[in-house]
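Notes for the structure review
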Amino acid sequence: MHLLKDRGFIHRTTSDITPRAVYQSRREWLQRAALGLAGAGIGPALVPATAWAQAAGPGKLAALRGARSGVAGALVMDKPTPYDDVTSYNNFYEFGTDKHDPAQTAQRLKPRPWTVSIEGEVKKPKVYDLDELLKLAPMEERIYRLRCVEGWSMVIPWVGYSLAELIKRVEPAGNAKFVQFTTLADKAQMPGLRSGVLDWPYTEGLRLDEAMHPLALLTFGLYGEVLPNQNGAPVRIVLPWKYGFKSAKSIVKIRFVEKQPVSSWERANPSEYGFYSNVNPQVDHPRWSQATERRIGDDGLFAKRRQTLMFNGYEAQVGQLYAGMDLKKQF
Ligand SMILES: Nc1nc2c(c(=O)[nH]1)N[C@H]1C(S)=C(S)[C@@H](COP(=O)(O)O)O[C@H]1N2
Ligand SMILES: [Mo]
């Protein structure tokens, strides 16, 4: 990020190729939400534990239909970014630093078999198999804004459940104050590891109360389908109120710790990337403004930049986590 400019001016625009079935289901869901039905317990509630995980092809979408939790902020009414953009314009430096690299090179990633090791200050440490994680809590669709620190944004319909569901089950000890996420680092699968852009493996961290916030999503899919490799298969986190780099992809380890961990981007450039990295239009990156953003999928060269929102528009939900903090200093 600090090495590359957002090369948005050569971003190819795509027509809205969202598969019709996906679009259809989303429309119904949005309409239900608009009518106030989605939260009223009419129709299917959350997806039964294994239904989404086990369904194949179009069945995956059917299994998700109407799934929602009522978590405030889980639904953004902006038009979702076309599927083709979400899956071909990616930051995933383990697979190369060009936005269009991961869609190609991440085909080498083997998302199964896969385990996630829960370690550190917890009463029930455990190595979870992916299949166990998929069944751990009901899946739901969450339509979130994603704001990259580089100044562009998307709207993505993710599939997953609150990270808190997993955290509750492993029972953090009293001295667990932070959570550290570690991404896979395997040279055989990830050509980008040969570059020295970052210290591998990619790590990220949160305060425990941030990790427990219902908006923090343990994510297994997007647009109704399992996560494409380039979007962090088979499991990642999504933190919609923070800059995109906090949302670590292809996670293999979650460690509960007492001291604030140092994240990969923070280590690489502490004056530019802070531990919190909450989206904040009033705190500029040292080399560019964070006041506005370019929405991927808006019409190319001539699209008007949008105002960036405090906490990416999730202030009502997460603002209290940062009450009393100086957000200019703790950026
Ligand atoms: N392991 C890992 N996770 C990562 C990154 C990365 O390079 N490696 N890039 C981050 C950045 S900068 C962004 S903006 C988002 C992009 O997610 P997306 O490609 O699914 O939109 O992933 C984040 N997670
Ligand atoms: Mo990013």
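Residues numbered from 1 in each chain as written. Chains lettered and ligands numbered in written order. Predicted model: local features only at pLDDT ≥ 70, side-chain atom pairs only at ≥ 80, totals over all residues. Heavy atoms only, no water.

By the naming in an unreviewed UniProt entry, the chain is Protein-methionine-sulfoxide reductase catalytic subunit MsrP, taken from Ideonella lacteola. The UniProt entry for the chain carries the following text under Sequence similarities (unreviewed entry): "Belongs to the MsrP family." (UniProt positions renumbered as here; feature names shortened; annotations may be inferred.)

This part covers the packing of aromatic side chains. We describe a pair of aromatic rings using the distance from one ring centre to the other and the angle between the two ring planes. Following the criterion strictly, the structure yields twelve aromatic pairs and no others. Ring geometry for Tyr 161 versus Phe 220: centroids 5.4 Å apart, planes at 40 degrees, classification tilted. Here Tyr 161, found in strand β4 (residues 152-162), pairs with Phe 220, found in strand β7 (residues 217-222); they are 59 residues apart in sequence, far enough to count as distant. As far as the burial class goes, Tyr 161 and Phe 220 line up, both buried. Ring plane angle 65 degrees and centroid distance 5.3 Å describe the contact between Trp 265 and Tyr 273, whose orientation is recorded as edge-to-face. A single burial state applies to Trp 265 and to Tyr 273, both of which are buried. (Phe/Tyr/Trp six-rings, centres within 6.5 Å; stacked < 30°, edge-to-face > 60°. Helix = DSSP H or I, 4+ residues; strand = E, 2+ residues; numbered from the N terminus. Buried < 20%, exposed > 50% of the residue type's maximum accessible area, 1.4 Å probe, protein only.)

Our next topic: the site of ligand 1. The local shell around ligand 1 holds 18 residues, among which Asn 90, Tyr 93, Glu 94, Arg 236 and Lys 249 are the closest. At 2.8 Å from a nitrogen atom of ligand 1 is found a side-chain nitrogen or oxygen belonging to Glu 94. Between ligand 1 and the protein, one listed contact pairs an oxygen atom with a side-chain N or O atom of Lys 249 at 2.7 Å. Compared with its free state, where it exposes 540 Å², ligand 1 has 99% of that area covered by protein. The residue inventory of the shell around ligand 1, partitioned by class, reads nine nonpolar, six polar and three charged. (Near = heavy atom within 4 Å. Polar contact = N/O pair within 3.5 Å; in protein donor to acceptor, adjacent residues only side chain to side chain. Areas by Shrake-Rupley, 256 points an atom, 1.4 Å probe, with all protein chains shown as cover. Nonpolar A, V, L, I, M, F, W, Y, C, P; charged D, E, K, R; others polar.)

All buried positions along helix α7 (residues 163-170) are accounted for by Leu 163, Ala 164, Leu 166, Ile 167 and Val 170. Viewed along the axis of α7, the buried residues span an arc of 160 degrees, placing them on a single side of the element. Backbone geometry just downstream of α7 places Glu 171 in the positive-phi region, at approximately 55 degrees. (Arc of directions from axis to C-beta.)

On to the UniProt feature "binding site: Mo-molybdopterin" (unreviewed entry) in the chain. UniProt records the feature "binding site: Mo-molybdopterin" (unreviewed entry) at Asn 90, Tyr 93, Glu 94, Cys 148, Thr 183, Asn 231, Arg 236, Ser 247, Ala 248 and Lys 249, using the numbering of this structure. Looking at the secondary structure, you find Cys 148 in the loop between β3 (140-147) and β4. If we ignore the near neighbours within four places in the chain, the residues touching Cys 148 are Asn 91, Tyr 243 and Gly 244. Position of Lys 249 relative to the elements: it lies in the loop between β9 (236-238) and β10 (251-257). Lys 249 gets classed as buried once you look at its relative accessible area, which sits at 8%. Setting aside residues up to four positions removed in sequence, Lys 249 forms contacts with Asn 90, Asn 91, Phe 92, Thr 183, Gln 230, Asn 231, Gly 232, Val 235 and Arg 236. (Contact = heavy atoms within 4.5 Å.)

In this section: the sheet that holds β10. Ordered by their spatial adjacency, five strands build an open sheet running β2-β1-β10-β5-β6, and the pairing between neighbours is mixed. The two strands at the open ends of the sheet, each matched to only one other strand, are β2 (126-129) and β6 (203-207). Each neighbouring strand pair of the sheet contributes to a mean axis angle of 20 degrees, computed without reference to strand direction. Pairing analysis gives four bridges linking strand β1 (residues 115-120) to β2, with the strands arranged antiparallel. Opposite Ile 118, over in β2, you have Lys 126 as the bridge partner. (Pairing = 2+ DSSP bridges. Axes fitted to C-alpha atoms, helices over the stretch in contact; angles between N-to-C directions.)

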